Amino acid sequence: MHPTKRAEGAEDSGDGVVKKARAGESAVGAEAMVAGGGGGVAEIDEDLHSRQLAVYGRETMQRLFASNVLISGLNGLGAEIAKNLSLAGVKSVTLHDVGNVETWDLSGNFFLSEDDIGKNRAVACVAKLQELNTAVDISALTEELTTEHLSKFQVVVFTDISLDKAFEFDDYCRSHQPPISFIKTEVRGLFGGVFCDFGPEFTVHDFDGEDPHTGIISSISNDNPATVYCIDDERLDFQEGDLVVFSEVQGMKELNDGKPRKIIRSRLYSFCIEEDTTNFGTYTKGGIATQVKEQMTIQFKSLRDSIREPGNFPLSDCLKFDRPPLLHFAFLALDKFRKEFGRFPAVGCGQDAQRIVEFTAAFNEATIDYKIEGKLDEKLLRLFASGSRAVLNPMAAIFGGIVGQEVVKACSGKFYPLYQFFYLDSVESLPTHQLDPKDLKPLNSRHDAQISVFGSKLQKKLRDANVFVVGSGALGCEFLKNLALMGVSCSRKGKLTITDDDAIEKSNLSSQFLFRDWNIGQAKSTVAATAASAINSCLHIDAVHNRACPETEHVFHDAFWEGLDVVINALDNVDARMYMDMRCLYFQKPLLESGTLGTKCNTQMVIPHLTENYGASQDPPEKQAPMCTIHSFPHNIDHCLTWARSEFEGLLDKTPNEVNSFLSNPTQYAATMKKAGDAQSRELLERVRECLEKERCERFEDCITWARMKFEDYFSNRVKQLTFTFPEDAASSTGAPFWSAPKRFPRPLAFSATDLSHVKFIMAASILRAVSFGIVVPDWAKSTTNLVNAISKVYVPEFKPKSGVRIETDEKANNISSASVDDAAVIEDLLTKLEACAKKLPPGFQMKPIHFDKDDDTNFHMDLITGLANMRARNYGIQEVDRLKAKFIAGRIIPAIATSTAMATGLVCLELYKVLAGGHPVEDYHNTFANLAIPMLTISEPLRSPYLNLFRPL
């Protein structure tokens, strides 16, 4: 983990040697990572993996599909890692364990039940893990591992292995050709650690997964070094040391040679490059600077060498800057204790704890460069020893997310790997009072592991808690699993209420692990509640199929709220979060908030009387492109896709709806339009009239004609009119060039029957037009050859631009409708003409509005939007995108992966212990932000509430 948002250790971590190579250069190990996967790579199911594809991309997914992974040790941590990898879609997961299921295991491994007690742990997990993803080959290995077993895997993960055995296996993995990535990880009570060794040389293809940063150039100096000035619309994201390439620069054309140039100084809207441009041509206009994503080759140290010289430990909590070295020695001490005594330290046993203290001190004394000066924290070491046998679910969820992501990196080279040790603890989760050793004794229950750390008194509080979980998507599923394993709301006094008004879709299955393919179409909350009850049959859960909002306050009424102990948000939008925050504030209920976005996740604790509430601080709203930019002056593909989606909805959804509203009740519709009497109403009526008169289709051939004319209108005529109104040499009112950055001068497209993208646009548009008019689509319509023949018969009149056409250029304008001299009179005339049109229609005529659906690959929706966006991009010289990228942007797909979701919920559940125990000061609570791509975890104290005196006393 790294405590900064960028991989600071990329240049020189201080421990490992990092070599860089430009993307596109040969990279040793890239093919090796998939070699040995065997066979061909499975085709990617875009409907299932759409949210994951938005994070990883095709190449990474294909590498995952070719990777075989071994997980040794099916405790709670092993189960979490296996779950995350199965959802990610690796080729195979082999589960290894020589032990049998005990009651103790049930508090951590959600694949196990009471019926599995006595069975081999690996074997007992296979069937349920296979249900998560039938495309992944799941198998069990129950014999003692040897190095020969490891040879068929690309990555091996160990969750419970002795240090001696780990040395042997790591040495073998490093010497294997190609090297096998080795990961050793442990969760011991409220302490956890992980070590990664991906071999002597490991290639990282993309260290952060972000799109390359770009800057639109406004000026470049003839100087040494040269200064590049960019438009001040957006701050630059370039950093010193970045490489950039230039394109489309006019005047100073020497920079367009494709050579990466190093940034030596970066400011908000400018940067200097390591280049002497004194003798270059003089810059005139245009240009884009694009970051070059570099490949890196990281040299990992072996486990043997890393134990002796662990290097700088990644730090997640600045208040615990001295904690990682202590935990490093504590884990070594635990390994020595288990080696000498053949068991874990006994719970609450002072003698065993003292041995751990002594062993830790001995390891520290034997160290030279990394020795901890002063007295060791013996209290912490005794807590570590006492709970070391327990694999707590929240810690397993956190490390399951971290390790699962490291496996993905090892398989694909995507993202910067953890180098090399990482340790984390959460002793603040313990009750504030001194624990009685008698309270830690096992009760022969499935929660004995948790009791051994927190005591039976807190376990009772968990059992009796009344909890409200809002949302049953990816976060909600993980929360329900965690709560069931923790024993929350597992008495008749306690109750867990889960609500979600959504139904399960296919794309949910790759991240929302309680759902199966046979659940598609069913209510999320109901299915999730049933699945959670299967994990723990004692769970007292009530599933509600409602959105938490003002309209459902009769469902979630005052009495319901007054009875709650805590609220856990599992939402995916800010408006819903703000509403829940308001309700929690009113009823003074703790709110545990979290969110994810791809590899990133964050958590926020809202505790009455202690912290600020969620709504007290908000991120600034995302900057929206002006309407005139979207409609006339796009300069990136997002603008083109926004326009494409708007046109799709206007043509195929809004206009047909307006037609139906008019035809259903012409009198009422006319009255509404007359009352509005504005430019937008006039424009809407014009579109309705065009749809029913000029553009009405009765045969499929009419739809082809309409589509061909739309192509001409969108990509030729409108551009000709725009460039007629504003020629390439036009000047603004200030005398500056009108077509200066970020504006891009467009060129009209000429339709070509030999250009497949043109033909496919006509195909998608004509088929959807036919659907909206209820016209049967003939089979030949989906044949490009037959379609081209039909298109050739369409007459396209010559277009001549007109003078006096007003095109909106004001960035502050909210719409592009231009007011006429008398909108009311025009509306009156249009309504009269519409009434005449209606008389010519067949009796009962209605159009079929088409609602955009991104997930059906056969409905031509994304085909049309991709075609619209790419043809427009071609007009303006903007880089086009494939259908999948268009789907992400136009479909507004939120990137989601199982690893960051698991980590977020684990972090929240560590805070839940504190909330239900009560009595914790604000400094015990933690807000967090993590980015598993870099990787980074930052822990901070919540901001205190500025309105403490407004709360009623407890």
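Residues numbered from 1 in each chain as written. Predicted model: local features only at pLDDT ≥ 70, side-chain atom pairs only at ≥ 80, totals over all residues. Heavy atoms only, no water.

1. A word on the overall build of the protein chain
The condition that has to hold: Here a strand is any run of E in DSSP of at least two residues, a helix any run of H or I of at least four, and the numbering for each starts at the N terminus. With the radius of gyration taken over C-alpha atoms, the globule rule is written as 2.2 Å times the number of residues to the power 0.38. Burial classes: relative accessible area under 20% of the type maximum marks a residue as buried, over 50% as exposed, and values in between as partly exposed (1.4 Å probe, protein chains only). We call two residues contacting when some pair of their heavy atoms lies within 4.5 Å.
Summing up its helical and strand segments, the protein chain has 28 helices and 24 strands in all. A compact globule built from 954 residues would reach a C-alpha radius of gyration of about 30 Å, and the protein chain, at 31 Å, matches this within 12%. For the protein chain, the proportion of its 954 residues judged to be buried stands at 57%. Pairs at least 24 residues apart make up 74% of the contacts formed inside the protein chain by residues separated by at least 6 positions.

2. Details of the sheet that holds strand β2 (residues 68–72)
For clarity, the threshold we go by: Only strands joined by at least two bridges in the DSSP assignment are considered to pair. For helices, the fitted axis covers only the stretch in contact; all axes are lines through C-alpha atoms, and the angles between them, taken along N-to-C directions, range from 0 to 180 degrees.
Sheet architecture is open: 7 strands sit in the order β4-β3-β2-β5-β6-β7-β16, paired in mixed fashion. Of all strands in the sheet, those with a lone pairing partner are β4 (137–141) and β16 (421–425), marking the two edges. The mean angle between the axes of side-by-side strands here comes to 15 degrees, regardless of whether they run parallel or antiparallel. Where β2 and strand β3 (residues 92–96) come together, 5 bridges link them in parallel fashion.

3. Quick look at the nonpolar core
Under the convention used in this document: Here, the term nonpolar core denotes a set of buried Ala, Val, Leu, Ile, Met, Phe, Trp, Tyr and Cys residues that are joined through side-chain atoms within 4.5 Å.
By size, the foremost hydrophobic cluster in this structure holds 176 residues, and its most contacted members are Leu95 and Phe399. If one sorts the elements of this core by residue count, helix α28 (residues 898–917) sits on top with 12 residues. Phe399 has contacts with Leu77, Thr185, Val187, Gly192, Gly193, Val194, Gly404, Phe422 and Leu424, leaving out every residue within four places of it along the chain. If you look at the next biggest cluster of nonpolar residues, it comprises 77 residues, including Tyr669, Phe773, Ile850 and Ile878.

4. Topic: the sheet that holds strand β21 (residues 591–597)
Strand pairing within a sheet occurs via backbone hydrogen bonds; the two strands may be parallel or antiparallel. In space, the 8 strands of this open sheet follow the order β19-β18-β17-β20-β21-β22-β23-β24, with mixed pairing throughout. Each end of this open sheet is capped by a strand with a single partner; those strands are β19 (541–544) and β24 (936–940). Between one strand and the next, the sheet's axes are offset by a mean angle of 10 degrees, whatever the strand orientation. Judged from the 2 bridges that link them, strand β20 (residues 566–569) and β21 form a sheet pairing that is parallel.

5. Topic: the pattern of salt bridges
Note the cut-off: Within this document, salt bridges are pairs made up of a side-chain nitrogen of Lys or Arg and a carboxyl oxygen of Asp or Glu, the two lying within 4 Å of each other.
Counted by the stated rule, this structure contains 68 salt bridges. The shortest N-O distance in the salt bridge between Asp755 and Arg874 comes to 3.0 Å. Here Asp755, found in the loop between α22 (700–725) and α23 (756–772), pairs with Arg874, found in helix α26 (residues 861–876); they are 119 residues apart in sequence, far enough to count as distant. Overall, the relative accessible area of 24% leaves Asp755 in the partly exposed class. The partner of Glu941 in a salt bridge is Arg944, and the shortest N-O contact between them spans 3.6 Å.

6. Observations regarding helix α24 (residues 784–791)
Which entries qualify depends on this criterion: What the arc measures is the spread of directions leading from the helix axis to the C-beta atoms.
The set of residues buried in α24 consists of Leu787, Ala790 and Ile791. The arc that holds every buried residue of α24, seen down its axis, measures 100 degrees, which confines them to one face. Lining the buried residues of α24 we find α22 and α23.

7. A word on the side chain of Ser426
Mapping Ser426 onto the fold places it in the loop between β16 and α12 (448–454). The exposure class assigned to Ser426 is buried, which follows from its relative accessible area of 3%. Residues within four places of Ser426 in sequence aside, it is in contact with Leu190 and Leu910.

8. Some points on a negative patch on the surface
Quick reminder of the rule: What makes a patch is a set of residues exposed beyond 30% relative accessible area and free of salt bridges, joined within 9 Å when like-charged and within 5 Å when nonpolar (Val, Leu, Ile, Met, Phe, Trp, Tyr). Residue burial considers only the protein chains on display, and all accessible areas are found by Shrake-Rupley using a 1.4 Å probe. His is not counted, nor are the chain ends, whereas Lys and Arg count as positive and Asp and Glu as negative. A charged residue contributes its charge at one atom only: NZ of Lys, CZ of Arg, CG of Asp or CD of Glu.
A cluster of like negative charges, contributed by Asp232, Asp233, Glu234, Asp237, Asp810 and Glu811, occupies part of the molecular surface. Among the structural elements, Asp232 can be located in the loop between β10 (226–230) and β11 (243–247). The class of Asp232 is exposed, set by a relative accessible area of 57%.

9. Regarding the UniProt feature "active site" (unreviewed entry) in the protein chain
Rules: UniProt positions are given in the numbering used here, feature names are shortened, and annotations may be inferred rather than shown by experiment.
Within the UniProt annotation, "active site" (unreviewed entry) is assigned to Cys628. Tracing the backbone shows Cys628 in helix α18 (residues 627–632). Classification of Cys628 as buried rests on a relative accessible area of 3%.

10. Here's the deal with the pairing of strand β13 (residues 270–273)
Side-chain alternation along β13 places Ser270 and Cys272 on one buried face and Phe271 and Ile273 on a second face that is also buried. Pairing of β10 with β13 involves 4 bridges; the strand directions are antiparallel. Across the sheet, Ala226 pairs through a bridge with Ile273, a residue of β13. In terms of strand pairing, strand β12 (residues 261–266) meets β13 through 3 bridges, oriented antiparallel. Within β13, the position partnered with Ile263 by the bridge is Ile273. Between β12 and β13, which follow one another and run antiparallel, lie 3 residues.

11. Brief notes about helix α6 (residues 163–175)
In an α-helix, one turn spans 3.6 residues; hence positions three or four apart end up facing the same way. Basically, it comes down to this: Here, expected helix span is obtained from the residue count minus one, scaled by 1.5 Å.
Between its first and last C-alpha atoms α6 spans 18 Å; for 13 residues at 1.5 Å apiece the expected length is 18 Å, and the two agree. Taken residue by residue, α6 has Leu163, Ala166, Phe167, Phe169, Asp170, Cys173 and Arg174 as its buried positions.

12. Some details on the packing of α23 against α24
Note the threshold: Under this scheme an angle from 65 to 115 degrees is roughly perpendicular, one under 35 degrees roughly parallel, and one over 145 degrees roughly antiparallel; angles in between are oblique. Charged residues are taken to be Asp, Glu, Lys and Arg, nonpolar residues to be Ala, Val, Leu, Ile, Met, Phe, Trp, Tyr, Cys and Pro, and polar residues to be all remaining types, Gly included.
Packing of α23 against α24 leaves a shortest axis separation of 10 Å and a crossing angle of 80 degrees. The angle between α23 and α24 places the two elements in the roughly perpendicular class. Judged by residue contacts, Leu756, Val759, Ile762 and Met763 of α23 engage Thr784, Leu787, Val788 and Ile791 from α24. Grouping the constituent residues of the contact of α23 with α24 by class yields 7 nonpolar, 1 polar and no charged.

13. Here's the deal with the pairing of strand β5 (residues 155–158)
Note the threshold: For crossovers, right-handed means that the path from the first strand over the helix to the second runs clockwise, given strands pointing away from the viewer.
Of the two faces of β5, the one lined by Val155 and Val157 and the one lined by Val156 and Phe158 are each fully buried. By the bridge criterion, 4 bridges tie β2 to β5 in an arrangement that is parallel. For Ile71, the partnering residue across the bridge sits in β5 and is Val157. Across 4 bridges, β5 lies against strand β6 (residues 181–188) in parallel orientation. Within β6, the position partnered with Phe158 by the bridge is Lys184. What joins β5 to β6 is α6, and the crossover it makes is right-handed.

14. Section: the confidence of the model for the protein chain
Regions with low pLDDT should not have their predicted coordinates read in detail. Under the convention used in this document: For every residue, the predictor states its confidence as a pLDDT score lying anywhere from 0 to 100.
In the predicted model, the protein chain carries a mean pLDDT of 92, and the fraction of residues at 70 or more is 94%. Confidence over residues 2–39 falls short of pLDDT 50; this stretch has 92 contacts with residues more than four positions distant or in other chains. Here residues 949–954 scores under 50 on pLDDT; set against residues more than four positions off or in separate chains, the count is 7 contacts.

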